[in-house]
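Listed below are the residues making up each chain.
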Number of protein chains: 2
Amino acid sequence: MRVALVGVGLIGGSVGMAARRRLGAHVVGWNRSPAPLEVALQRGAIDEAVTDIDEIGSADIAIAGVAVDALPAAVRSLCAALPDAVVTDVGSTKGALVEAIEHPNFIGGHPLAGAESTGVAHAREDLFQNATWYLTPRDATAGVLYERLARFVAGLGAVPTAIAPHDHDRLMAAVSHLPHVVANLLVAQATDALGGETLPATGPSFRDATRVAGTNPPLWAQIYSANRAALGAQIDDLVRRLGEVRGLLDADADGAALAAWQGAAGTQRRALLEAGLAGGGGAAREIRAEVPNRPGVVAQIALALGRAGINISDMSLAPEADNRTGVVALWLSPDDAERAIGLVAALGYPAARA
Amino acid sequence: MRVALVGVGLIGGSVGMAARRRLGAHVVGWNRSPAPLEVALQRGAIDEAVTDIDEIGSADIAIAGVAVDALPAAVRSLCAALPDAVVTDVGSTKGALVEAIEHPNFIGGHPLAGAESTGVAHAREDLFQNATWYLTPRDATAGVLYERLARFVAGLGAVPTAIAPHDHDRLMAAVSHLPHVVANLLVAQATDALGGETLPATGPSFRDATRVAGTNPPLWAQIYSANRAALGAQIDDLVRRLGEVRGLLDADADGAALAAWQGAAGTQRRALLEAGLAGGGGAAREIRAEVPNRPGVVAQIALALGRAGINISDMSLAPEADNRTGVVALWLSPDDAERAIGLVAALGYPAARA
């Protein structure tokens, strides 16, 4: 199998490594400038580097891993130069690109992996293990091409998942892009409300809610722009929902409707997240423990749980207002929760289900 | 010094413990039913239990630690029964209560402590150590009463901070209540966008942004209600800001303005949070490391840093999409950041400044 890669960053580089090592593919990297390809060769992400697209020859699979705004041109070049290849991309939005590219050999793609770091230096063969990899076939897509691409993606370790381009974009807007927008706005609003005063220590809610505020500005500006239609619709939806809360606040004298609304959000969050976090052992359970805020405590807890074979699938440590104590929240398999509470309590830290 | 307490839960109980042990005060607990007072006596939170307010006799300080909707009546009773006392409360909003109580001996209060657990069972003497304790004196407040209350609060270990009632409520709405509202809405919106599909693993942003969704419905319904005016204004402000982002999305063809906006949010977040987290050692630095998602890894990292005397002031562990690897974010003193990166890297986990 021959694989052509344009753009050998974190995602492209990891595709190359996995394709070479897991599928025995011959991977050709194409870039107008040779420097990035040298690094990719050294990292074992490609077998061969070419600076002229015609040197690729032929390919079964061609993947564009370049920045969102360079994608249409890269995809068109690959479709034109490699008529036998199924051509795909790894961009974070799909609607606009799929509409812009009419070539029947193109199937949009988006692996959900690798958001935290960038560059081929962080590329690794197992980046896509068990990751959802969205693919956007069209009515006109040849079955043989979709099958080839889905098998390739599965061969890299991912779970190929077909989705309509606009459903994909709406989903990403709701679970990723809108939370980033809101984090930015909460930070701006708190800055104004404080008017130069110091933020008081208010527990972990503000820190958690704004953790992604301001992440990687050039990348996120591209992501917001590329998904502007779906993100705009989600923003409008949030405005509508904020209006409903405003109505509840004004009308709900005894707080019963607010309490019901708050309760429903908790139920929805558990339904959304616990399944995703558990990794096979059923829904994850959250336990919380009060601990002194000093070196060694987190280690002590994590060690005690590790020794008992209990995996921590998610963790949050937040100082209390006094900055001398804190609360550790741990997400665990429900089978482990009671045992974990006992182990943490035995270390002298009061623990309970959240 | 004689202290009267009505409501001996987490906050009231901790006030009693700290007043008795740190200030040598005689603490009288008042409640219509004797059962909660028995527990408070056992826990050492009060010296004496009375079920009739007239049995209190006299007090220097009287504190209402009851639920928000029971506060006006409790404060009025204390003001009437204890004419020599400075009367305060520990409720989470101040504007409505301060307007409702005209008695000159009342000064509103709000310690920022103890949001994570409730009940006298979790009460402890050091709950308020270094915590901000907002006080809302009025123009008519006698200086001697404010001084007595501020000294008392400082004697419990807290930092008394005078603030106008409506400034307090606006600030709490922006940094705490609005983030809770938004978390609920993001969860509802994602649920609708998914339409029954499984939430894909999208990195930590959605989980962090919605961590507080649905927390303690009866308590939060009361908090939202009690702060409805300030929270409503913050909601309106968020709607306005969402409109601005909508405009940026539509107008910003090359993404420069979006990138600038994203960058500004990052700068603001650092300014807001790093000072608050550092606890004396300058602004906190965030470092991130990629780790395998298995028992023992967090312990190994925390131990290595603890052994080197490095304190972790905040931590977040999030699984990657593959659920086999994860990213650990650590907040540390900037003096420790480089050393921590080296120690974590020496364990075999690539680490870098975030």
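Model, not experiment: these values are computed from the prediction.

**Here's the deal with the overall build of chain A**
Right, on to step 1. Assigned secondary structure in chain A consists of 12 helices and 12 strands.
Right, on to step 2. Taken over the C-alpha atoms alone, chain A extends approximately 70 × 50 × 40 Å along its principal axes.
Right, on to step 3. Out of the 354 residues belonging to chain A, those deemed buried represent 56%.
Right, on to step 4. If you take every contact in chain A between residues at least 6 apart in sequence, the share linking residues at least 24 apart comes to 70%.

**Notes on the nonpolar core**
One broad trend across soluble globular proteins is that nonpolar side chains are buried collectively.
Right, on to step 1. Counting residues in each nonpolar core, the largest one holds 198 residues, and the members touching the most others are A4, L5 and L78 of chain A together with A4, L5 and L78 of chain B.
Right, on to step 2. Grouped together as the second largest cluster of nonpolar side chains are 40 residues, L330 of chain A together with M315, V328 and I341 of chain B included.

**Points about the interface of chain B and chain A**
When the parts of a complex come together, some accessible area is lost, and that lost area is often used as the size of the interface.
Right, on to step 1. Residue-level contacts link 114 residues of chain B with 114 residues of chain A.
Right, on to step 2. At the level of secondary structure, the elements contributing two or more residues to the side of chain B that touches chain A comprise helix 6 (165-194), helix 7 (204-209), helix 8 (217-226), helix 9 (228-251), helix 10 (256-278), strand 9 (285-292), helix 11 (297-307) and strand 10 (314-319) of chain B.
Right, on to step 3. If you tally residues by element for the side of chain B that touches chain A, the top one is helix 6 of chain B, at 21 residues.

**Description of the relation of the copies chain B and chain A**
Right, on to step 1. Of the transformation placing chain B onto chain A, the axial shift is 0.0 Å and the rotation is 180°, giving an RMSD of 0.1 Å. Taken together, the rotation and translation relating the two chain copies correspond to the operation of a two-fold axis.
Right, on to step 2. Counting the interface residues of chain B, we find that 99% of their copies in chain A are interface residues as well, pointing to one common contact surface.

**Here's the deal with the pairing of strand 2 (residues 26-30) of chain A**
All names here are of chain A.
Right, on to step 1. Most of strand 2 sits out of view: 4 of its 5 residues are buried.
Right, on to step 2. When strand 1 (residues 2-6) meets strand 2, the two strands line up parallel, connected through 5 bridges. The partner of L5 across the bridge, within strand 2, is G29.
Right, on to step 3. Crossover strand 1 to strand 2 through helix 1 (residues 10-23) is right-handed.
Right, on to step 4. Bridge count between strand 2 and strand 3 (residues 48-50): 3 bridges; the pairing is parallel. Counted as the bridge partner of G29 is A49 from strand 3.
Right, on to step 5. With helix 2 (residues 35-42) bridging strand 2 and the parallel strand 3, this β-α-β connection has right-handed handedness.

**As for the sheet that holds strand 4 (residues 61-64) of chain A**
Residue and element names in this part refer to chain A.
Right, on to step 1. Taken in spatial order, the 5 strands of this open sheet run 3-2-1-4-5, and their pairing is parallel. Across the chains shown, the open sheet's two edge strands, defined by having one partner strand only, are strand 3 and strand 5 (86-89). Strand after strand, the sheet turns through a mean of 20° between neighbouring axes, direction not considered.
Right, on to step 2. Relative to strand 5, strand 4 runs parallel, the two sharing 4 bridges. Along strand 5, the bridge assignment pairs I61 with V86.

**Focus on unusual backbone geometry**
Right, on to step 1. A positive phi angle is found at N130 of chain A, which is not glycine, with a value near 65°.
Right, on to step 2. Among the secondary structure elements, N130 of chain A is positioned in the loop between strand 6 (108-111) and strand 7 (132-136).
Right, on to step 3. Assessed through the 16 C-beta atoms surrounding it within 10 Å, N130 of chain A is described here as partly exposed.
Right, on to step 4. Although it is not a glycine, N216 of chain B sits at a positive phi angle of roughly 30°.
Right, on to step 5. With respect to the element layout, N216 of chain B can be found in the loop between helix 7 and helix 8.
Right, on to step 6. A tally of 18 C-beta atoms within 10 Å means that N216 of chain B is categorised as partly exposed.

**A short note on the pairing of strand 8 (residues 159-162) of chain A**
All names here are of chain A.
Right, on to step 1. Strand direction decides the pairing type here: strand 7 and strand 8, joined by 4 bridges, are parallel. Of the residues in strand 8, the one forming a bridge with Y134 is T161.
Right, on to step 2. Between strand 7 and its parallel partner strand 8, the chain crosses via helix 5 (residues 143-155), and the hand of that crossover is right-handed.

**A closer look at the packing of helix 9 (residues 228-251) of chain A against helix 6 of chain B**
Right, on to step 1. One way to put it is that helix 9 of chain A packs onto helix 6 of chain B with a least axis distance of 10 Å and a crossing angle of 125°. Here helix 9 of chain A is positioned oblique relative to helix 6 of chain B, judged by the angle of their axes. Note on packing geometry: the crossing formed by helix 9 of chain A with helix 6 of chain B is right-handed. Each of Q234, D237, L238, R241, L242 and V245 of chain A in helix 9 of chain A lies in contact with helix 6 of chain B, whose residues at this interface are V181, L185, A188 and Q189 of chain B.
Right, on to step 2. Along the lines of polarity and charge, the residues of the contact of helix 9 of chain A with helix 6 of chain B split into 6 nonpolar, 2 polar and 2 charged.

**Structural notes on helix 6 (residues 165-194) of chain A**
Each α-helix turn comprises 3.6 residues. Residues three or four places apart therefore point the same way.
All names here are of chain A.
Right, on to step 1. The first and last C-alpha atoms of helix 6 sit 42 Å apart over 30 residues, in line with the 44 Å expected at 1.5 Å per residue.
Right, on to step 2. Counting buried positions over the 30 residues of helix 6 gives 25, a clear majority of the element.
Right, on to step 3. Where helix 6 ends, the next residue or the one after it, G195, has phi of about 50°, a positive value.

**Examining the sheet that holds strand 6 (residues 108-111) of chain B**
By definition, the strands of a sheet pair up through backbone hydrogen bonds, in either a parallel or an antiparallel sense.
Residue and element names in this part refer to chain B.
Right, on to step 1. Ordered by their spatial adjacency, 3 strands build an open sheet running 6-7-8, and the pairing between neighbours is mixed. One side of each edge strand has no neighbouring strand; the edge strands of this open sheet are strand 6 and strand 8 (159-162). Across the sheet, the mean angle from the axis of one strand to that of its neighbour is 25°, orientation sign disregarded.

**Considering the environment of A183 of chain A**
Right, on to step 1. By the element assignment, A183 of chain A lies in helix 6.
Right, on to step 2. Linking A183 of chain A and G108 of chain A, residues 75 residues apart in sequence, is a C-alpha distance of 29 Å.

**Remarks on the confidence of the model for chain A**
Residue and element names in this part refer to chain A.
Right, on to step 1. Here chain A shows a mean pLDDT of 87. Residues at 70 or above account for 92%.
Right, on to step 2. Here residues 277-282 scores under 50 on pLDDT; set against residues more than four positions off or in separate chains, the count is 13 contacts.
Right, on to step 3. Our summary of model confidence lists the complex with pTM equal to 0.76 and ipTM equal to 0.76.

**Structural notes on the environment of L178 of chain B**
Right, on to step 1. As for its placement among the helices and strands, L178 of chain B is situated in helix 6.
Right, on to step 2. Sequence-wise, L178 of chain B and A230 of chain B are 52 residues apart; in three dimensions their C-alpha atoms are separated by 9.8 Å.
Right, on to step 3. Not counting residues up to four positions away in its chain, the partners in contact with L178 of chain B are L186 and Q189 of chain A together with A173, L231, Q234, I235 and L238 of chain B.

**Focus: the environment of L156 of chain A**
Residue and element names in this part refer to chain A.
Right, on to step 1. Mapping L156 onto the fold places it in the loop between helix 5 and strand 8.
Right, on to step 2. Counting along the chain gives 26 residues from L156 to N130, while the straight-line C-alpha distance between them is 9.3 Å.
Right, on to step 3. In this structure L156 touches V15, A18, A19, R22 and F128, once residues within four positions along its chain are discounted.

What counts as what
- Residues numbered from 1 in each chain as written.
- Chains lettered and ligands numbered in written order.
- Predicted model: local features only at pLDDT ≥ 70, side-chain atom pairs only at ≥ 80, totals over all residues.
- Helix = DSSP H or I, 4+ residues; strand = E, 2+ residues; numbered from the N terminus.
- Buried ≥ 20, exposed ≤ 12 C-beta atoms within 10 Å, placed from the backbone.
- Contact = placed C-beta atoms within 7 Å.
- Core = buried A, V, L, I, M, F, W, Y, C linked by C-beta atoms within 7 Å.
- Least-squares fit on C-alpha atoms with pLDDT ≥ 70 in both.
- Pairing = 2+ DSSP bridges.
- Right-handed = clockwise from strand over helix to strand, strands pointing away.
- Axes fitted to C-alpha atoms, helices over the stretch in contact; angles between N-to-C directions.
- Parallel < 35°, antiparallel > 145°, perpendicular 65-115°, else oblique.
- Left-handed = near helix turned anticlockwise from the far one by under 90°.
- Nonpolar A, V, L, I, M, F, W, Y, C, P; charged D, E, K, R; others polar.
- Expected span 1.5 Å × (residues − 1).
- pLDDT = per-residue confidence, 0-100.

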